[in-house]
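Take a look at the letters that make up each chain.
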Amino acid sequence: MASFNFGTLRYRWDDPRVKDFQDNLDRVNEIGARSPGFVWRLDDDAMQVAQEDPTGPLADRPNTASTLSLWETPRDLWVFVHQTLHARFMARQAEWFVPGDSGYFVGWWVKEGCRPSVADGMAKWRHTQAVGDTDAIFGATRLRALAT
């Protein structure tokens, strides 16, 4: 299962008000990488390129923080997001993210060995915005249902 989440930071990446968020990204990502069911995550350098590409899939979303990852099951992702250190940082999103412009999530099924792109993630997210959840592409509410 692929997972793409993103939001717009309130402040630039080099602003001290997002330092605690930045300082803990590696720590949270390492926990994710060690979590049961984790398969893959787009590395930081590739994500930064996608986030800063003026003609790329996030061009209309400056100052974005995002993650693209693969998980064996929706439950595996749910446990990582809601039952590890990740949950403590999610609870603080109002400190770092523009109100109403954060916590965007889309999940979709992929074949084994697939490595989706940020463009794929944004296309899937736009699909859910246009038509809602489907069995193949879904938001956080459906993820919760699939995880239980």
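Please refer to the structure higher up on the page.
So, here's what we can say about the structure.

**Concerning helix H1 (residues 19–34)**
Right, on to step 1. Helix length check: H1 (16 residues) gives 24 Å between terminal C-alpha atoms against 22 Å at 1.5 Å per residue, within 8%.
Right, on to step 2. The sharpest bend along H1 measures roughly 40° and falls at Leu25.
Right, on to step 3. What H1 keeps buried is the set Phe21, Asn24, Val28, Asn29, Ile31 and Gly32.
Right, on to step 4. Considering only its buried residues, H1 is in contact with strand E2 (38–41), helix H2 (44–52), strand E3 (64–71), helix H3 (74–83), helix H4 (85–90) and helix H5 (93–96).

**Describing the side chain of Thr8**
Right, on to step 1. Within the element layout of this structure, Thr8 appears in strand E1 (residues 2–8).
Right, on to step 2. Assessed through its relative accessible area of 11%, Thr8 is described here as buried.
Right, on to step 3. A polar atom in the side chain of Thr8 sits 3.2 Å from the side chain of Arg61.
Right, on to step 4. A distance of 2.6 Å separates a polar atom in the side chain of Thr8 from a polar atom in the side chain of Asp101.

**Description of the sheet that holds strand E5 (residues 137–138)**
Right, on to step 1. One open sheet accounts for five strands, arranged E2-E3-E1-E4-E5; its pairing is antiparallel. The sheet is open, and its two borders are formed by E2 and E5, each paired with just one other strand.
Right, on to step 2. Note that E2 and E3 share three bridges and pair antiparallel. For Phe38, the partnering residue across the bridge sits in E3 and is Trp71.

**As for the pattern of salt bridges**
Pairing between side chains of opposite charge can happen when the charged atoms of each approach one another.
Right, on to step 1. Applying the stated rule across the entire model yields nine salt bridges.
Right, on to step 2. For the salt bridge of Asp60 with Arg126, the shortest nitrogen-to-oxygen distance reads 3.6 Å. One end of the pair, Asp60, is in the loop between H2 and E3; the other, Arg126, is in helix H6 (residues 118–131), and 66 residues separate them in sequence.
Right, on to step 3. Given a relative accessible area of 55%, Asp60 falls into the exposed group.
Right, on to step 4. With a closest N to O distance of 2.8 Å, Glu95 and Arg92 form a salt bridge.
Right, on to step 5. Bridged by salt links that share partners, the residues Asp20, Arg92 and Glu95 form one connected network.

What counts and what doesn't
Residues numbered from 1 in each chain as written. Predicted model: local features only at pLDDT ≥ 70, side-chain atom pairs only at ≥ 80, totals over all residues. Heavy atoms only, no water. Helix = DSSP H or I, 4+ residues; strand = E, 2+ residues; numbered from the N terminus. Expected span 1.5 Å × (residues − 1). Bend = angle between axes of the 7 residues up to and from the residue. Buried < 20%, exposed > 50% of the residue type's maximum accessible area, 1.4 Å probe, protein only. Contact = heavy atoms within 4.5 Å. Polar contact = N/O pair within 3.5 Å; in protein donor to acceptor, adjacent residues only side chain to side chain. Pairing = 2+ DSSP bridges. Salt bridge = Lys/Arg side-chain N within 4 Å of Asp/Glu carboxyl O.

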